[in-house]
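Here is how the chains run, residue by residue.
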Amino acid sequence: MRILADENIPLIDEFFADLGTIERRPGRQLCRDDLLHTDVLLVRSVTRVDQSLLEGTPVKFVATATIGTDHIDTDYLTANNIGFASSPGCNAQAVVDYVLSALSVLTDTRGQTFTDLSVGIVGVGNVGGLLRQRLETMGVTVMAVDPFKQPEDVGELVSLQQALQADVVTLHTPLTLDGPHPTHHLIGAEQLAAMRPDACLINTCRGGVVDGQALKAHLNDHGDFEAVLDVWEHEPYLDLALMQRALIATPHIAGYSLDGKMRGTEMIYHAVSEFLGLPVRCKLAQFLPEPGIKRVNFSDNIPVHQALRTAIRASYEIRVDDGVMRAAMRRSEDQRATFDQLRRDYPLRRDIPVLKVGVPARCLDLGKALEAAGFDVRVK
């Protein structure tokens, strides 16, 4: 069995070494010639998998270690009897951590707390559903919209127009060009105009869900409006003027926690093993390293919001990624290479539930707030 994998997929040797020979390539540079002796192809979101890549190759199975599948021509795979698997939900926790860290920065800049906010969630699948659960348990007002879900399955739903009235609107949809509810440019000039003049738009799904030119014009015309952007309409090429105006700008790494990436590898390993009719011999717990920060302890005199902010940023400090990207892009002579390097060399980051938080036994409200955000609370 010959396996070709994107070089940015972690633990390939650990999971797949017993299944066959493994080769690695930069995902954005994969071409048809690389696949002429490949049986199984393992990719991430930067590789477009379609007829032009696969035609005339012996590839029998394709797996993407990502939630999104808009880079995969699944119709072509089905028509040509090529097996396929993705990794739904693998990095949902990581994206939720990203949004929570962004909200902590936003509330700091505006002198607010989490419970002062209302949040519109567009798309309540794996990511949006988990985010909704976290925020509502934290006491945040949530307005969720998803035309593909039913209230009895995911809770109360509102229209997009209603969700746009929230203080923060965060996007968690796939990128689709057709169908009953296409999401390409779902947020354009009309939708931005319907939002509050001091609202914040967060996009961690796909760049094309937002009309970048409309957003840039709206930001320039509305000084109190904010944007948190992890994905870009024409990435790896960025609109530097839009980046400069954003409150937070990062290089498509919202889901790039070590736990999320490794979970994605485990999921595609399970899928390949099932396709080949082989037993599952490896488990993720065998390979996860110790976290860099194991525990944070709080005293009984810290305000709840301050503790939340501190714990969230101890787990993930979004402002570091923002600063690194801005500095790199300012001095870059090759945006594509710089963007890909930022993702390839992304530092170790663990999910919020990995961090143990010590709380005095008498601080019940503090413990509940931290548990609601997903932390492993230990009473001391």
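Scoring rules and cut-offs
Residues numbered from 1 in each chain as written. Predicted model: local features only at pLDDT ≥ 70, side-chain atom pairs only at ≥ 80, totals over all residues. Heavy atoms only, no water. Domains from an automatic or database assignment. Contact = heavy atoms within 4.5 Å. Salt bridge = Lys/Arg side-chain N within 4 Å of Asp/Glu carboxyl O. Polar contact = N/O pair within 3.5 Å; in protein donor to acceptor, adjacent residues only side chain to side chain. Helix = DSSP H or I, 4+ residues; strand = E, 2+ residues; numbered from the N terminus. Pairing = 2+ DSSP bridges. Axes fitted to C-alpha atoms, helices over the stretch in contact; angles between N-to-C directions. UniProt positions renumbered as here; feature names shortened; annotations may be inferred. Buried < 20%, exposed > 50% of the residue type's maximum accessible area, 1.4 Å probe, protein only. Right-handed = clockwise from strand over helix to strand, strands pointing away.

Novice: Please clarify how the domain arrangement of the chain should be interpreted in this entry.
Specialist: When the parts of a complex come together, some accessible area is lost, and that lost area is often taken as the interface size. According to the domain assignment, the chain contains domain 1 (2-86 + 257-286), domain 2 (92-249) and domain 3 (295-379). Listed per partner, the contact involves 29 residues of domain 2 and 27 residues of domain 3. Along the contact surface separating domain 2 from domain 3 lie 2 salt bridges. One salt bridge connects Asp108 with Arg313, and the closest N-O pair in it is separated by 2.7 Å. Connecting domain 2 to domain 3 are 13 residue pairs in polar contact (both at pLDDT 80 or more). At the level of elements, α4 (92-110), α5 (126-137), α10 (240-245) and β11 (248-249) are the ones that each hand at least two residues to the side of domain 2 that touches domain 3.

Novice: Can you help me understand the sheet that holds strand β12 (residues 295-297) in this one?
Specialist: Working definition: the strands of a sheet are paired by backbone hydrogen bonds and lie parallel or antiparallel to each other. Here we have 3 strands laid out as an open sheet, ordered β12-β13-β14, and parallel in their pairing. For this open sheet the edge positions go to β12 and β14 (376-379), each flanked by a neighbour on one side alone. When strand polarity is set aside, the average angle formed by the axes of neighbouring strands in this sheet is 25°. The sheet strands contacting helix α15 (residues 364-372) are β13 (356-359) and β14, and the helix crosses β13 at an angle near 170°.

Novice: In this structure, what is going on with the UniProt feature "active site" (unreviewed entry) in the chain? I would like to understand it.
Specialist: The residues that UniProt annotates with the feature "active site" (unreviewed entry) are Arg206, Glu235 and His252. In three dimensions, the annotated residues from a span of 47 residues occupy one location, with a maximal C-alpha spread of 9.7 Å. Within the secondary structure layout, Arg206 lies in the loop between β9 (200-203) and α9 (212-221). With a relative accessible area of 12%, His252 lands in the buried category. In this structure, His252 is in contact with Ser45, Cys205, Arg206, Asp230, Val231, Glu235, Phe339 and Arg343, ignoring residues within four places of it in sequence.

Novice: Help me out: how do you make sense of the pairing of β9 in this one?
Specialist: In β9, alternate side chains face the same way, and those of Cys200 and Ile202 on one face and Leu201 and Asn203 on the other are all buried. As defined by bridge partners, strand β8 (residues 168-171) adjoins β9 across 4 bridges and the pair is classed as parallel. Its bridge partner being in β9, Thr170 is matched across the sheet by Ile202. After leaving β8, the chain enters helix α8 (residues 189-194) and then returns to the sheet as β9, a path that is right-handed. The sheet contact formed by β9 and strand β10 (residues 226-229) spans 4 bridges and is parallel. When the bridges of β10 are listed, Leu201 appears paired with Ala227.

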